[in-house]
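Architecture at a glance
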Amino acid sequence: MIKDVLSYLYINAKVMAKEGKLLSPTRWDDLWDCGSPGEVASLLEGTDYFPYLAEGATHEAKELEKSILEEFSALDKEIADIMPKGAWPIREYLLRRWDAMNLRTIMRGIHGELGKEEILESLVEGGELDFAFLKGLIDAEGMDGFVALLARTPYYALTEGLAGYHALHNLFFLEASLDKIYWEDLLTKVMNSKGLREFKDFIEVCAETRNLKMILRAKNEGLSLEDVGPFLIPAGALTHKITAVFDEEEISGLISLLEDTIYVEPLMSAQTEYERTGSAFPFEAALENLVERKAEDIRKKKPFGPGPLIGFIASKEAEVKSLLAVVRSTEVDLDRETIRETVTR
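Every chain is numbered on its own, with residues counted from 1 as its sequence reads. Totals for whole chains, interfaces and linings use all residues, but because this is a predicted model, local features are given only for residues with pLDDT of at least 70 and pairs of side-chain atoms are given and counted only at 80 or more. Only hydrogens and water are removed before side-chain values are computed, so all heavy atoms of the structure are retained for them.

1. Some thoughts on the packing of helix 11 (residues 197–220) against helix 17 (residues 281–301)
Contact geometry for helix 11 and helix 17: axes closest at 10 Å, N-to-C directions at 175°. Overall, the two elements helix 11 and helix 17 adopt an arrangement that is roughly antiparallel. From helix 11, Glu198, Asp201, Phe202, Val205, Cys206, Thr209, Leu212, Lys213, Leu216 and Arg217 reach across to helix 17, where they touch Phe283, Glu284, Leu287, Glu288, Leu290, Val291, Lys294, Ala295 and Ile298. Residues are grouped as follows: Ala, Val, Leu, Ile, Met, Phe, Trp, Tyr, Cys and Pro are nonpolar; Asp, Glu, Lys and Arg are charged; all remaining types, including Gly, are polar. Grouping the constituent residues of the contact of helix 11 with helix 17 by class yields eleven nonpolar, one polar and seven charged. Orientation is described by lines fitted to C-alpha atoms, with helices fitted over the stretch in contact, and by angles between N-to-C directions that extend from 0 to 180 degrees. Under the scheme used here, helices are H or I runs from DSSP no shorter than 4 residues and strands are E runs no shorter than 2 residues, and both carry numbers assigned from the N terminus. Here the word oblique covers every angle except those under 35 degrees (roughly parallel), over 145 (roughly antiparallel) and from 65 to 115 (roughly perpendicular). Throughout, a contact is declared for two residues whenever any of their heavy atoms are within 4.5 Å.

Okay, structure coming up:
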């Protein structure tokens, strides 16, 4: 117990200081009203994001978005570099998500037949894969060539999504496979590691919510278990319980199977909005909020161990997601209050 506390003293002090620099409610009130990248950029002055803002970030949403991601990546690396030795799975969680993001960017570029320079400019340095290796992937001859170059990495399992991609020319098969590779590998390593009970609880919730989001979205779109099953993470009994009756039950019936779990209340509260819109987004937003609440619960229950670290990681990720949504909203003609409600939900 004492050893656990001591190993997290330095990193917890660091993240608690960083937590004090998260965007304030007052600043968020102003950000919701922004109608251009320049307005968003000006409101980021005095924050940790500001030093990363490129010149083009004041008038191009794409440049501003990349600047925000560069700050986020640099923060992940800073935290990863001071991670206690026994917390290596948390380090992998922070770094490998940048590998997944960059691979997704390259796949989308190849799929959309973008120029190599345009793809390169969209990559964000970070992660465990060497950046020179990522640059080399851009030169691949088509999607098959891209996957072939991943032969010595865990991401070679993307081959399983190639048939579906070619049959329908739909990136879903590759992107869903990429998500599965990331989460399945992480979950396996975390569950087989010693200690880190709180992080195991957090990752299990992340994995289950990822599966639930995919299951509910597939059900809403009229897909069968055969369509979505290959992309689900082999998680716990909860996923197995739902998939066993996926083809027979409606969405309300699937949700009722989650009784006595932490998932049922947020999903039931989102049902009214789902019925009004016909979109699975309310369920997805409710599950993402649940992940953040789980991290906050761990923070409170384990204040002298990994709690503050896990809580900060989730809070920062939620902040970046919302900030990117604000930036992207400047490119669409929507009522600002509608955007605010959508993002906060």
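2. Focus: the nonpolar core
Grouped together as the largest cluster of nonpolar side chains are 57 residues, with contacts concentrated most on Tyr93 and Phe202. Per-element accounting of this core gives the leading share, eleven residues, to helix 11. Each residue touching Phe202, except ones within four places of it in the same chain, is listed here: Tyr93, Val291, Lys294, Ala295, Ile298, Ile310 and Ala314. Put simply, a nonpolar core is a bunch of buried Ala, Val, Leu, Ile, Met, Phe, Trp, Tyr and Cys residues held in one set by side-chain atoms that sit within 4.5 Å of each other. The classification of residues rests on relative accessible area computed with a 1.4 Å probe and restricted to protein chains. Under 20% of the type maximum is buried, over 50% is exposed, and intermediate values are partly exposed.

3. Focus on the environment of Val326
Assignment of secondary structure puts Val326 in helix 18 (residues 307–329). Taking the C-alpha atoms as reference, Val326 lies 28 Å from Lys116; in sequence the two are 210 residues apart. Val326 has contacts with Trp28, Leu31, Trp32 and Val40, leaving out every residue within four places of it along the chain.

4. What about unusual backbone geometry?
One non-glycine residue, His169, lies in the positive phi region at around 50°. Not every positive phi belongs to a glycine, and Leu196 is a case in point at roughly 55°. When you line up the elements, Leu196 lands in the loop between helix 10 (172–192) and helix 11.

5. Re empty space enclosed by the protein
Gaps left between atoms are located by rolling a probe of water-molecule size over the structure's atoms. Whether a set of points on the 1 Å grid over the protein atoms alone is a cavity depends on a 1.4 Å probe fitting there but being unable to get out, while an open set qualifies as a pocket with protein on both sides within 12 Å along at least five of seven lines; lining residues are those with an atom within 4 Å of a point. Grid points are joined across faces, edges and corners, and a volume is the space filled by probe spheres set on the points. In the structure shown here, the tally under the stated rule is two cavities of 30 Å³ or more. Size it by volume and the largest cavity reaches roughly 50 Å³. For the lining of the largest cavity, the secondary-structure elements that each account for two or more residues are helix 4 (61–81) and helix 18. Top contributing element to the lining of the largest cavity by residue count: helix 18, with three residues. Of the residues belonging to the lining of the largest cavity, the class tally is four nonpolar, no polar and six charged. Of the voids in this model, the second largest cavity is the one considered here, and its volume is about 30 Å³. Listed by contribution, the elements that provide at least two residues to the lining of the second largest cavity are helix 1 (2–19) and helix 4.

6. Comments concerning the packing of aromatic side chains
Here the aromatic set is Phe, Tyr and Trp, taking the six-membered ring for Trp, and pairing holds for ring centres within 6.5 Å; pairs whose planes are under 30 degrees apart are stacked, those over 60 apart are edge-to-face, and all others are tilted. Tallied over the entire structure, the rule returns eleven aromatic pairs. For the pair Trp28 and Trp32, a centre-to-centre distance of 5.0 Å together with 25° between the ring planes defines the contact as stacked. Pair check on accessibility: Trp28 and Trp32 agree, each one buried. With centroids separated by 5.3 Å and ring planes inclined at 75°, the aromatic side chains of Phe172 and Phe231 adopt a geometry described as edge-to-face.

Taken by themselves, the reported measurements are silent on function.
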